[in-house]
Amino acid sequence: MRDDLPKDPHKYYEDMMAMVLGTLFVALGVAFYTHSVLITGSTAGMALLFNYITGWGFGIWFFAINLPFYYLAVKRMGWSFTLRTFVAIGLVSLFSELTQGWVQFASVPSLYAALMGGALMGIGMLMLFRHRTSLGGINILALYLQEKHGLRAGYVQLGIDGLILLVALTQLPLDRVGYSVIGAVTLNLIIALNHKPGRYIGVS
């Protein structure tokens, strides 16, 4: 898929509004996760792990980790999609840092943080998908490897997310990882139930 994708039915201001609101939702979900020291998959999960290990902000890591994937995004999805994705990743990186000052959590049960954080990120990502935007991620690499080397994209994605989970088990308490799994299920259910193939185009 490149720039010969079907014409985007949304107006420019609709895309901009969805991008801002979607990234704000994702950033708020990340705030729930960082408060409760939870983890997720793909590049966001990697950024959260590095955040916990190094103490550097999630936004810095999230922006840096996604840099190598822009080349693959251009090759697979074209410049328009890649530029939207670059802006969305930049906004999530910015908003995730700003949200720490905007929102203060006194006490949040871990189960609630997992469910609400996963739901917020899922809704935010869904908004971005419906406006032909993504948050970069391992999925672009998985699709590239499938196209070039015949590796099943789903297995590649699953393997990388599994590796992130294994590393998390060495860095986080077992209950944090368990709650993270609940959050991941919530996030993916929201996308699976609401993102219909052929109706909207996007890459998670």
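Residues numbered from 1 in each chain as written. Predicted model: local features only at pLDDT ≥ 70, side-chain atom pairs only at ≥ 80, totals over all residues. Heavy atoms only, no water.

Among the structural elements, Asn51 can be located in helix α2 (residues 42-54). Residue classification places Asn51 among the buried positions, given a relative accessible area of 14%. Not counting residues within four places of it along the chain, the set of residues in contact with Asn51 comprises Thr34, Trp56, Gly57, Phe58 and Trp61. (Helix = DSSP H or I, 4+ residues; strand = E, 2+ residues; numbered from the N terminus. Buried < 20%, exposed > 50% of the residue type's maximum accessible area, 1.4 Å probe, protein only. Contact = heavy atoms within 4.5 Å.)

A word on the pattern of salt bridges. For the structure shown, the criterion picks out one salt bridge. Residues Asp175 and Arg176 are paired through a salt bridge, measuring 2.9 Å at the closest nitrogen-oxygen approach. A residue is classified by how much of its surface remains accessible, and Arg176, at 14% relative accessible area, is buried. (Salt bridge = Lys/Arg side-chain N within 4 Å of Asp/Glu carboxyl O.)

Attention now goes to the packing of helix α3 (residues 58-66) against helix α5 (residues 79-102). As a packed pair, α3 and α5 sit with axes 7 Å apart at the nearest point and diverge in direction by 165°. As judged from the angle between their axes, α3 and α5 are roughly antiparallel. As for how α3 packs across α5, the hand of that crossing is right-handed. Residues Phe58, Gly59, Ile60, Phe62, Phe63 and Asn66 of α3 lie in contact with α5, whose contacting residues are Phe86, Ile89, Gly90, Val92, Ser93, Ser96 and Glu97. (Axes fitted to C-alpha atoms, helices over the stretch in contact; angles between N-to-C directions. Parallel < 35°, antiparallel > 145°, perpendicular 65-115°, else oblique. Left-handed = near helix turned anticlockwise from the far one by under 90°.)

Together, Leu163, Leu165, Leu166, Val167, Leu169, Leu174, Val181, Val185, Leu189 and Leu193 make up a nonpolar patch on the protein surface, roughly 910 Å² of accessible area in all. Every element with two or more residues in the nonpolar patch is listed here: α8 (153-171) and α9 (174-194). Inspection of the secondary structure puts Leu166 in helix α8. (Patch = residues over 30% accessible without salt bridge, like charges linked within 9 Å, V, L, I, M, F, W, Y side chains within 5 Å. Areas by Shrake-Rupley, 256 points an atom, 1.4 Å probe, with all protein chains shown as cover.)

Our next topic: helix α4 (residues 69-77). Buried residues of α4: Phe69, Tyr70, Leu72, Ala73, Arg76 and Met77, and no others. Considered in projection along α4, the buried side chains sweep an arc of 160° and stay on one side of the axis. Positive phi shows up at Gly78, right after α4, with a value of about 90°. (Arc of directions from axis to C-beta.)

Okay, the confidence of the model for the protein next. The predicted coordinates of low-pLDDT regions are not to be read in fine detail. Averaged over every residue, the pLDDT of the protein is 82; residues scoring 70 or more account for 85%. Highest mean pLDDT in the protein belongs to α3 (91); lowest belongs to helix α7 (residues 138-149) (70). Across residues 200-204, confidence stays below pLDDT 50; counting only partners more than four residues off in sequence or on other chains, it has 25 contacts. (pLDDT = per-residue confidence, 0-100.)

Another point: the nonpolar core. Counting 37 residues, the largest nonpolar core has Val26, Ile39, Phe58, Phe62, Met125 and Leu135 as the members making the most contacts within it. Those elements giving two or more residues to this core turn out to be α1 (12-36), α2, α3, α5, α6 (110-129), α8 and α9. At seven residues, the largest contribution of residues to this core is made by α6. If you look at the next biggest cluster of nonpolar residues, it comprises six residues, including Leu72, Ala73, Ile140 and Leu145. (Core = buried A, V, L, I, M, F, W, Y, C linked by side-chain atoms within 4.5 Å.)

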